[in-house]
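These are the residues of each chain, in order.
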Amino acid sequence: MDAVSLTGTTLTIEDVERVAVGGAPVVLADEAVGRIDAARALIDRAVESGTPTYGVNTGFGRFVDVAISREDTGRLQLNLLRSHACGVGEPFPTEVVRAAMLLRANALATGASGVRREVVDLLLALLGAGVHPVVPSRGSLGASGDLAPLAHLALPLVGEGRAEHGGELLDGGEALARAGLEPLRLAAKEGLALINGTQFMAAIGALVLARADRLARIADIAAAQSVEAVRGSRTPFAPEIQALRPHPGQVASAANLYALLGDSEINESHRWCGRVQDAYSLRCSPQVHGAARDAIAYARSVVAIELNAATDNPLVFADRDEVLSNGNFHGEPVAIALDTLKIALAELAGISERRIERMVNPTMSEGLPPFLAEDGGLNSGFMIPHYVAASLVAENKVLCHPASVDSIPTSAGQEDHVSMGATAAVHAWQVCGNVERVLAIELLCGAQGLDFLTPLRPGPGIAAAHAALRELSDHVDSDRSLSAEIETVASRIRDGGLIDAVTSAHGPFG
């Protein structure tokens, strides 16, 4: 697998997923090493001169006016990690931790933080060795960055905290020893540089966005299959209609639906039916999916910038011989983007649940059996999967309350406006998983609906989706628990397997 090279300026969302999920190796680019060394030299000069420099020889937050002796600068940094590592709640998933480790290393690679290159090398060594710090998921305000989670991330570097290695939970020092690594002894500013930044919210944002791009396409596949199942019309998706309202997302989604419904025996069979127009959840799918696509694109643009941002405080400008206090650690840009993202994703599930209702409700399904059940009454069919979808959509409505509109002052009023971006990120992660499951339920309902329309066949793209779904879940001819099958289909949505099955028969689509 090709290595991801960290330059501090070129990391992409796709790189993050390759490393965090796919395990791609990571190397530090030569160009970054020179910047790191130059910045470190400036910090060393500040320590030697005794020039008051925030976080180097002063306290933190409201303690900014407390001077720290040269002898205590290393102890100050270790105390910072220990005091800030007080997060609570269930740990972040390993892929989120790996993504945050990558982003922290890339931020340091900008050469604006003033750490020694050994700090970056050890972060990357932990990634390569599969040593993953245990990081509680609650405790960040997203203002001075993700302080608490990043402190937990950093503790194993000094041989403290907890980490997972080889499937075991270990003390940080033991995890390093098992991987043949030595702990760091922190120098001036290095503790602060490890915890000041937006790397957890940005890491979650990148991973959710990678999945969101797939969800937007899966939503189009699911909608097209549902249109087939209830014998809806292809006409509303015609390109000339979208040309009169050319929002990019709408145009792309409609093009997918129009193509996926082409060459369909089912569509042809009801060409001359008396129905004038379909319900909004069918007819307006491109408008809703398209709005979500455009919001995803906005969030992607923000997170793409954040992946290569220097979010430390103070920042080191070696070429100007300056160390400047600043507010780049404030998470507001990411917080607003992730709030927008979770709302957009939730809408994909909201309209999907309405299409599920049309398939299971005999007053709306255009002749499909009630609840898509064989021998209804004896069997309940897809009655309860619809309940599950409705419950997930309801949960999303709660999670979509924007975190970024809230702020609670902290640090005795020094940090008097915070972004709550970490909360937005955690909620976006939860919403994304819920949407994958709702779309999985719609896909299973649509596949069951198509079964009742045989021998009529859908178009090639939907036929490929149906075949792929039937490899994961058989036709429901009598009641059985569908929990595992819903999760299996959701996982194939998450990893892109269902999209690959459709593109193999239909060709690429946007």
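Predicted, not measured: the structure shown is a model, and the values here were computed from it.

**Regarding the overall build of the chain**
Working step 1: Scanning the chain from N- to C-terminus turns up 20 helices and nine strands.
Working step 2: For a compact globule of 510 residues, the expected C-alpha radius of gyration is about 24 Å, and the chain comes in at 26 Å, within 12% of that figure.
Working step 3: Classification of the 510 residues of the chain by burial places 56% in the buried group.
Working step 4: Contacts in the chain between residues at least 24 apart in sequence constitute 78% of all its contacts with a sequence separation of at least 6.
Working step 5: About 20,100 Å² of surface is accessible on the chain, with carbon and sulfur atoms providing 55% of the total.
Working step 6: Side-chain charges in the chain split into 40 positive and 61 negative, and the spacing between the mean points of these groups amounts to 1 Å.

**Comments concerning the pairing of strand S7 (residues 168–171)**
Working step 1: Alignment of strand S6 (residues 162–165) against S7, held across four bridges, turns out to be antiparallel. Bridge pairing links arginine 162 to aspartate 171 in S7.
Working step 2: Hairpin connection between S6 and S7: a loop of two residues separates the two successive antiparallel strands, and glycine 166 in this loop has a positive phi of roughly 60°.

**Digging into the environment of valine 388**
Working step 1: Relative to the assigned elements, valine 388 resides in helix H16 (residues 383–399).
Working step 2: Judged by its relative accessible area of 34%, valine 388 falls in the partly exposed class.
Working step 3: Residues valine 388 and aspartate 72, spaced 316 residues apart in sequence, show a C-alpha to C-alpha distance of 57 Å.

**Side note on the packing of helix H15 (residues 332–360) against helix H17 (residues 421–451)**
Working step 1: Put simply, H15 and H17 touch, their axes get as near as 8 Å, and they point 20° apart. One way to sum up the angle between H15 and H17 is to call them roughly parallel. Our pair here, H15 against H17, has a crossing hand that is left-handed.
Working step 2: Grouping the constituent residues of the contact of H15 with H17 by class yields 19 nonpolar, four polar and five charged.

**Topic: the pattern of salt bridges**
For side chains bearing opposite charge, pairing can occur when the charged atoms are close.
Working step 1: Taken as a whole and assessed by the stated rule, the structure comprises 27 salt bridges.
Working step 2: One salt bridge connects arginine 116 with glutamate 190, and the closest N-O pair in it is separated by 2.7 Å. Separated by 74 residues along the polypeptide, arginine 116 in the loop between helix H4 (94–109) and helix H5 (117–129) and glutamate 190 in helix H8 (residues 190–195) bring together distant segments of the chain.
Working step 3: The partner of glutamate 322 in a salt bridge is arginine 320, and the shortest N-O contact between them spans 2.6 Å.
Working step 4: In this structure glutamate 322 comes out as partly exposed when scored by relative accessible area, which is 29%.
Working step 5: Assessed through its relative accessible area of 48%, arginine 320 is described here as partly exposed.
Working step 6: Each member of the salt-bridge network shares a partner with another, and the members are Arg40, Asp44, Arg116 and Glu190.

**Brief notes about unusual backbone geometry**
The phi angle of most residues is negative, glycine excepted, and most peptide bonds adopt the trans form.
Working step 1: That bond from asparagine 313 to proline 314 is cis: its omega, -5°, falls within 30 degrees of zero.
Working step 2: For proline 314, the location among the structural elements is in the loop between helix H14 (285–306) and strand S8 (315–317).
Working step 3: Following threonine 454, the chain continues into proline 455 via a peptide bond in cis, with omega recorded as 15°.
Working step 4: By the element assignment, proline 455 lies in the loop between H17 and helix H18 (460–472).
Working step 5: Notably, alanine 412 is not glycine yet its phi reads approximately 55°, a positive angle.

**Description of empty space enclosed by the protein**
Working step 1: Summed over all chains, the structure comprises one cavity of 30 Å³ or more.
Working step 2: The volume enclosed by the largest cavity comes to roughly 50 Å³.
Working step 3: Around the largest cavity sit 13 residues that line it, and Phe92, Ser137, Ser140, Pro149 and Ala422 are the ones nearest its centre.
Working step 4: Listed by contribution, the elements that provide at least two residues to the lining of the largest cavity are strand S5 (136–138), helix H9 (199–229) and H17.
Working step 5: When grouped by side-chain class, the residues that make up the lining of the largest cavity number eight nonpolar, three polar and two charged.

**With respect to the sheet that holds strand S4 (residues 131–133)**
Working step 1: With antiparallel pairing, three strands are arranged side by side in an open sheet as S4-S6-S7. The strands lining the two open edges of the sheet, one partner per strand, are S4 and S7. Strand after strand, the sheet turns through a mean of 35° between neighbouring axes, direction not considered.
Working step 2: With three bridges connecting them, S4 and S6 associate as antiparallel partners. For proline 133, the partnering residue across the bridge sits in S6 and is alanine 163.

**Quick look at a nonpolar patch on the surface**
Working step 1: On the surface, Ile384, Tyr387 and Val388 cluster together into a nonpolar patch covering about 270 Å² of accessible area.
Working step 2: For isoleucine 384, a relative accessible area of 41% gives the class partly exposed.

Conventions used here
- Numbers given for residues are sequential positions, taken from 1 along each chain in its written order.
- Given that the model is predicted, a residue must reach a pLDDT of at least 70 before its local features are reported, and side-chain atom pairs must reach 80 or more before they are shown or counted; all residues, however, enter totals for whole chains, interfaces and linings.
- Hydrogens and waters are ignored; side-chain quantities use all the structure's heavy atoms.
- Note on conventions: DSSP H or I runs of at least 4 residues are helices, E runs of at least 2 residues are strands, and numbering of each starts at the N terminus.
- The quantity called the radius of gyration is restricted to C-alpha atoms. Its globule counterpart is 2.2 Å times the number of residues to the power 0.38.
- The cut-offs for exposure are 20% and 50% of the maximum accessible area for each residue type, with area from a 1.4 Å probe on protein chains only; residues under the lower value are buried, those over the upper are exposed, and the others partly exposed.
- Any two residues whose heavy atoms approach within 4.5 Å are treated as being in contact.
- Here the open area of atoms and residues is found with the Shrake-Rupley method and a 1.4 Å probe, where only the protein chains shown may cover a residue.
- Charged-residue counts in this description rest on Lys and Arg as positive and Asp and Glu as negative, His and the chain ends being excluded.
- Lysine's charge is taken at NZ, arginine's at CZ, aspartate's at CG and glutamate's at CD.
- Two strands form a pair only when DSSP identifies at least two bridges running between them.
- Every axis corresponds to a line fitted to the C-alpha atoms, with the helix fit spanning only the stretch in contact, and the corresponding angles, defined between N-to-C directions, vary from 0 to 180 degrees.
- Any angle from 65 to 115 degrees is called roughly perpendicular, while one under 35 is roughly parallel, one over 145 is roughly antiparallel, and all others are oblique.
- Each helix crossing is assigned a hand: it is left-handed if the near helix lies turned anticlockwise from the far helix by less than a right angle, otherwise right-handed if that turn is clockwise.
- Ten residues, namely Ala, Val, Leu, Ile, Met, Phe, Trp, Tyr, Cys and Pro, are considered nonpolar, four, namely Asp, Glu, Lys and Arg, are considered charged, and the remaining ones, Gly among them, are considered polar.
- Salt bridges are identified by distance alone: a Lys or Arg side-chain nitrogen within 4 Å of an Asp or Glu carboxyl oxygen.
- Using a grid of 1 Å spacing that covers the protein atoms alone, one calls a set of points a cavity when a 1.4 Å probe fits there but cannot get out, and a pocket when the set is open and has protein on both sides within 12 Å along at least five of seven lines; lining residues are those with an atom within 4 Å of a point.
- Grid points are joined across faces, edges and corners, and a volume is the space filled by probe spheres set on the points.
- The patch calculation keeps residues exceeding 30% relative accessible area without a salt bridge and links them within 9 Å when they carry like charges or within 5 Å when they are nonpolar (Val, Leu, Ile, Met, Phe, Trp, Tyr).

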